[in-house]
Amino acid sequence: MIWKYPFLLVAVWLSVGDNTVVSGCFTVASMFEERYRNSTTPLKAYTSLMPIISERIELTSNCQNSTNQTFEWTVEQRQGPIWRKLYVASPNAKVYDLAMCELGPGFYKLSCSLAVVSWGVRTMRQDTMYLHLIDPPLVAGIEGGEKLTVNSDADIFLDAVSNSYDPVIGYGKEYHLAFYWQCFKVVEGNLKKYLTPLSDDTSYLSGARCTVSFTSTGVVTVSASSLQLNAWFLFEVVVSKNVRSARAIQAIHIVDDARPELFLYCKWNCEMKRSRRVRMIYDTRLNCTNCTDDELTAATYQWDLYKYYGANYGLVLSGPDEKVFQLAADFLDPGKSYKLKVTVSNVGTLPSAWATSVFIVSGEPYDGTCTVNPLTGNAATDDFRFECKNWKDDGPRYDRNKTLDADEPLTYVISQIKGNVAQIIYTGNEATTVQKLEVCPKESNYLCKIEFRIRDLFNAEAIVNIDVTVHNPAPDLPPVPLEDTYDPEEGNPVLRRFLEEAELAVRLLKMSRDSEKMAKVASAYMSAINDMPLPEVTSASIADAAVAGDGDVNNVVANALTFLTSHSPDMIRTQEATAVLTSATLEAIELLVLAPYTVGHGNIDSNGIVLPTTKPSVEILIMLTSALSTTIEKPEIVMPGIESNVSNGLSTLSKVFMETLKHTRDISQIESAMKAIGDAESRLNNIQANDDIVEDLDDLDGAKIFVNKHLTKGERMFNDFERKYLKKVIKTKRQIERQKRQQHIGKTFGNSEIITGSIFALMGRIKKKTLDQEEFGLSVEEETAQSIVNSSRAPLNGINFKLDGLKNETTGNKNPVILKLRVVKRNIYTDGDNAKLVNSPVVVARVQKEDGSLAEISKPVVKQADPVTSPYKLITPLFIKEDAAKLFYHRLFYRSLLLNICLSVLPINDIKLVYDMFLRTGTPPTDITFDHYTSYKEKEGESGINYCIPAGILKRTGVVYLGLRPRLNEADDASGLKSTTTSNESSVLETPYMFRVTTIGCFAWDAQLQDWNSSMCEV
């Protein structure tokens, strides 16, 4: 109970165990999950995956106007029977990233106290949870394979650095490890028991030692000539750090037959235990001092994968003749062991060389369940509880023991799956979490899936899927009342309240400094707003309103013009709210990704708040990328200029991805990162794109006698002037909105280039050649300059691209270059006067030389043999009685003299008809008066035409009329008809046909002019 007096403040609270409570301000009684509040069931985690602890209380409406929230965290470590307080960094926030404390293995007690001041009243809460941290085992490995041959005149290069690391610090940082090498002479018959999977046989330690001395470094060199010829030797390295150690062995056969040396390298999915759900990639290196380049090129590779059945190996797969071996995900069996052998033959007349690698596939977590409660709810506003129980895993051990497996730390990744889009909503060590969800797709009746990935130390996963229904709590806005009086000053009060709730939700999370949850909640509200249909006026809605009315279209026209020429209060308020949500997401990115590395000594910001010292996980980066991408999913509700800020945030995230993934050994992380960045870039391209706006409210410039336009019932209720004027107003309104956005396009474009560069770099990491996204496609080719220029390549997003030459490069030379192709489905280069002429896919090509500089492309050539962007229309032609020319007329808009006009006319009946073509700008042609005439040169058996009229034939732009004169194909005798009076009968020539007309042009971006230029490109 709390009393408040003008000059006296007294707070009284109840204490129950470790949980101190003052009622009335908090929504829940406990800060932490119940199971972790008991010392017998602590939260368990590896020190390599330090948990991020978040207390779970939310403020009630009583305290939503609180002026101050103060968090104080205490960390104690159990030492024997006592708890000792640790003086570590403590954030003034509801989220505690324990990585900032640099805690080692041990048993810990975490306490959090929260004081809230609201309306001058101070409310407090305190709670405690327990944590058990465990060091993961070190990883040790020797490069080149477990078993291989080396010539006696060569040096044996032993590398334990590349494959050895401490998971606590991460791969690629070997400087903290100690290495101890030994060498033993062994009998070939004993190798099996030493190299068999799961073997812990070290009896070789009592055998004969080599007369070789080693340094204590991670990379050592041994002269093979110092070892006995035709004998087997076992090299062992013990990698250690403090009390932890791991060993690796490599068996080498010394030979004297001049065979090439073959080394086998694991590139991806190379952990102590492999994951079956991730692709595995091995590479090779072939050394031969006495071989020619042609002999090495002619070498053949044989890959054999064997599965271990307890006593012997059985062949399960033979791979292709490639230097690189790739094994698809989900091929291997969890908990099983395998041997991979590669044999190289046909290197001149030399004997074959071989190398092997033995590995174990991690067993997956088992015997657990996961639940979601409730299964139906509203996005953004409702809490969903996710809980997993009783999961077990064998961890670094090689056999299952349910008692020990129940204590193994696990990681939980929970995603909301909407179609082919996965939005991460939680990643961490806690098996229970409460989160908000986004709106499920309307087209699936708001049904989608929750995916639980229960992940062990080696990224082996168990997957559970649960269906949920998540509705949109945003109001259904009524359409603009065009039949009644429209008041532009009125706004929807239900929408206004919903948007206010969204802004309040992120403001409260900002006060509690829970940046991750702030981004998630902002994304959930954005999903609801994106799904909400906004009132708009289009040609179709105007026509529909005219039909629904009483026949008097004056009110419809007046209301439509009022809406189109005034500011919509609902749209303005929606854009303001989405700007707040976007700002909250960008602030979360700043605090989670950037601020910890820019605030200086001690990682304390200007407000004295301690910030995390470790980069967020890949999963958190993916979540932030998806959340930020959601803010620009629906361009019309994005306030002009906001997309520029979003592009800056996406650019930052793409660069952080590059840094975070620099040393990753998990190819799936790179693939997931590319998809997240690619999806975001697609939405950025969508908002940048120069769309050609086509409206149906149109008139035909008085040429009705020649060209028939079928108007709908609603369109017929307007006169020609009204249709033209309404079309002009709609188009002008959209142009004005586009111009506002255009002011920020330069910054957005620059960031888009950075994002694309990051994706290309990630593609290079995993040797991926192509990437297809919704709005763009990428392709990478690494060849000689000669091959790049002369080669033909598969179309990318429907575009065929080739190079005609490189400036300052000799065509036909063998210098290695890299061609990077990017095809954007719509034009995003929208500066310059000619930008309006380019509304087709855009090809961006860069050729990078060996020294990293760019080669200048002398003349790019773009070919598009069958432009499919324009659909066919079924035409039922009729000759016009007044038309002596006897032509069928069509109308098109010719934007530029630089465009090719491509026609396709295909009769639907089995009659061999072809068509001559007459074109004229401004008015319909006749067979006497025209700007261009083409007599189609038909082939035998041909029906219809597919023909492109070259650019430059027409001398004026604007409306162009096409007249088609049908005639029978006289080169074809199968019809039995000749060019007689009979052949001109209307019943034959008026055969219906499928019609398509497409204009094709090629423009190149001129960086100096900052505009499109047709003189630099060929079609």
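Residues numbered from 1 in each chain as written. Predicted model: local features only at pLDDT ≥ 70, side-chain atom pairs only at ≥ 80, totals over all residues. Heavy atoms only, no water.

## What about the overall build of the chain?
In plain terms, the rule: Labels follow the DSSP assignment, with helices taken as runs of H or I lasting at least four residues and strands as runs of E lasting at least two, numbered in each case from the N terminus. Note on classification: 1.4 Å probe, protein chains only; a residue is buried when its accessible area is under 20% of the maximum for its type, exposed when over 50%, partly exposed between these limits. By definition, residues are in contact when any of their heavy atoms lie within 4.5 Å. All accessibility values rest on the Shrake-Rupley procedure with a 1.4 Å probe; residue burial counts only the protein chains present in the view.
Scanning the chain from terminus to terminus reveals 16 helices and 50 strands. For the chain, the proportion of its 1019 residues judged to be buried stands at 51%. Sequence-distant contacts in the chain: of pairs separated by 6 or more residues, those separated by 24 or more amount to 72%. Within the structure as shown, the chain displays about 46700 Å² of accessible surface, and the carbon and sulfur contribution to it stands at 50%.

## So, the pattern of salt bridges
Defined as follows: Each reported salt bridge corresponds to a side-chain nitrogen of Lys or Arg within 4 Å of a carboxyl oxygen of Asp or Glu.
Per the stated rule, a full pass over the model turns up 40 salt bridges. Between R822 and E681 there is a salt bridge whose closest N-O contact spans 2.9 Å. Of this pair, R822 sits in strand β37 (residues 816-824) while E681 sits in helix α11 (residues 667-688), and the two are 141 residues apart along the sequence. Across the pair, E681 and R822 agree in class, each one buried. Through salt bridges with shared partners, one network takes in E33, R35, R56, R385, E387 and E430.

## Looking at unusual backbone geometry
The omega angle of the peptide bond from N373 to P374 is 0°, so this bond is cis rather than trans. Of note, P374 is situated in the loop between β25 (369-373) and β26 (376-378). The backbone of E102 sits at a positive phi, close to 55°, despite the residue not being glycine. One can find E102 in the loop between β9 (95-97) and β10 (106-118). Judged by relative accessible area, E102 falls into the exposed class, the value being 74%. Positive phi, normally seen in glycine, also occurs at N390, with a value near 65°. Note on placement: N390 falls in the loop between β27 (384-389) and α3 (402-405). Classification of N390 by relative accessible area gives exposed; the value is 56%.

## Topic: the sheet that holds strand β48 (residues 993-1000)
Pairing between the strands of a sheet comes from backbone hydrogen bonds, and it takes one of two forms, parallel or antiparallel. Going by this rule: When DSSP finds at least two bridges between two strands, those strands are taken to pair. Note on method: axes are straight lines fitted to C-alpha atoms, helices fitted across the in-contact stretch only, with angles between N-to-C directions ranging 0 to 180 degrees.
Pairing is antiparallel in the open sheet, where four strands are placed in the order β41-β48-β43-β46. Both outer strands of the open sheet, β41 (873-875) and β46 (945-949), are each paired with one neighbouring strand and no more. Pairs of neighbouring strands in the sheet enclose a mean axial angle of 25°, with direction left out of account. As paired strands, β41 and β48 are joined by three bridges and run antiparallel to one another. Paired with K873 across the two strands is F995, which belongs to β48.

## Thoughts on the side chain of S904
Definition in use: We define a polar contact as two N or O atoms separated by no more than 3.5 Å, with the added condition that, inside protein, one atom must be a possible hydrogen donor and the other a possible acceptor, whereas residues neighbouring each other in sequence contribute only through side-chain atom pairs.
For S904, the position within the fold is in strand β43 (residues 900-907). You can call S904 buried: its relative accessible area is 2%. Polar side-chain contacts of S904 include one of 2.7 Å to the side chain of N946. If sequence neighbours within four positions are ignored, S904 has contacts with Y872, I945, N946, M994, F995 and R996.

## Digging into the state of the cysteines
Under the convention used in this document: Counting rule for disulfides: a pair of cysteine sulfur atoms within 2.5 Å.
Taken as a whole, this structure holds six disulfides when the rule is applied. Here C440 engages in a disulfide with C448; their sulfurs sit 2.0 Å apart. Residues C440 and C448 agree in their burial class; the two are buried. Here C902 pairs with C948 through a disulfide, and the sulfurs are 1.9 Å apart. Its S-S torsion of about 110° marks the bond between C902 and C948 as right-handed, since a negative value means left-handed. Of the two residues, C902 sits in strand β43 while C948 sits in strand β46, which places them 46 residues apart along the sequence.

## Notes on the packing of helix α4 (residues 493-512) against helix α8 (residues 569-594)
The condition is simple: Geometric relationships in this document are graded by angle, where less than 35 degrees denotes roughly parallel, more than 145 denotes roughly antiparallel, 65 to 115 denotes roughly perpendicular, and other angles denote oblique. For any pair of crossing helices, the crossing counts as left-handed if the nearer helix is rotated counterclockwise from the farther one by less than a right angle, and right-handed if it is rotated clockwise. Classes in brief: Ala, Val, Leu, Ile, Met, Phe, Trp, Tyr, Cys and Pro nonpolar; Asp, Glu, Lys and Arg charged; the others, Gly included, polar.
Taken N-terminus to C-terminus, the directions of α4 and α8 make an angle of 15°; their axes are 10 Å apart at the nearest point. For the element pair α4 / α8, the angle class is roughly parallel. By crossing handedness, the relation of α4 to α8 is classed as left-handed. Two secondary-structure elements touch here, α4 through L495, R496, L499, E500, A502, E503, V506 and K510 and α8 through D570, R573, T574, E576, A577, V580, L581, A584 and E587. Taken together, the residues of the contact of α4 with α8 break down into eight nonpolar, one polar and eight charged.

## Quick notes on the pairing of strand β28 (residues 411-418)
Counting buried positions over the eight residues of β28 gives eight, a clear majority of the element. Here β28 shows a buried face lined by T411, V413, S415 and I417 and a second buried face lined by Y412, I414, Q416 and K418. Pairing analysis gives seven bridges linking β28 to strand β31 (residues 447-455), with the strands arranged antiparallel. Each bridged residue has a counterpart across the sheet, and for Y412 the counterpart in β31 is I454.

## Observations concerning helix α5 (residues 515-531)
Helical periodicity: at 3.6 residues per turn, an α-helix aligns residues three or four positions apart in one direction. What counts, and what does not: Helix span, expected: 1.5 Å multiplied by one less than the number of residues in the helix.
For α5, which comprises 17 residues, the first-to-last C-alpha distance of 24 Å matches the rise-based estimate of 24 Å (1.5 Å per residue) to within 8%. Summarising burial for α5: 17 of the 17 residues are buried, a large majority.

## Section: the sheet that holds strand β45 (residues 932-934)
Judged by pairing direction, the sheet is antiparallel, and its four strands sit side by side in the order β42-β47-β44-β45 without closing on themselves. Whereas interior strands pair on both sides, the edge strands pair on one side only; in this sheet they are β42 (888-894) and β45. The mean angle between the axes of side-by-side strands here comes to 20°, regardless of whether they run parallel or antiparallel. One ladder, built from seven bridges, connects β42 with strand β47 (residues 958-968); its direction is antiparallel. Residue pairing in the sheet places Y889 in a bridge with G963 of β47.

## Some remarks on the packing of aromatic side chains
Condition: Any pair of Phe, Tyr and Trp rings, taking the six-membered ring for Trp, is counted once the centres come within 6.5 Å. Such a pair is stacked with planes under 30 degrees apart, edge-to-face with planes over 60 apart, and tilted for the rest. Only lysine NZ and arginine CZ atoms are considered, and such an atom sits over a ring when it is within 6 Å of the ring centre and within 35 degrees of the ring normal.
Applying the stated criterion to the full structure yields 22 aromatic pairs. Put simply, the rings of F879, F888, Y915, Y993 and F995 touch in pairs and so form one group of aromatic residues. A cation over a ring is seen here: K339 above Y313, with NZ or CZ 4.5 Å from the ring centre. Against the face of W354 rests K341, its NZ or CZ located 5.5 Å from the ring centre.

## Details of the pairing of strand β24 (residues 353-360)
Most of β24 sits inside the fold, with eight of its eight residues counted as buried. Burial along β24 is two-sided: A353, A355, S357 and F359 and W354, T356, V358 and I360, pointing in opposite directions, are all buried. As paired strands, strand β23 (residues 337-345) and β24 are joined by eight bridges and run antiparallel to one another. When the sheet's bridge partners are listed, S337 is paired in β24 with I360.

## Let's talk about the nonpolar core
How we decide: Joining through side-chain atoms within 4.5 Å is the link that ties buried Ala, Val, Leu, Ile, Met, Phe, Trp, Tyr and Cys residues into a set, and such a set is a nonpolar core.
I53, F386, W391, I450, F452, I454 and L624 are the most contacted members of the largest nonpolar core, which totals 124 residues. Setting aside residues no more than four positions away along its own chain, F386 makes contact with T371, V372, I414, I425, A431, T432, T433, Q435, L437, I450 and F452. In this structure, F235, Y301, V342 and F359 belong to the second largest nonpolar core, which totals 54 residues.

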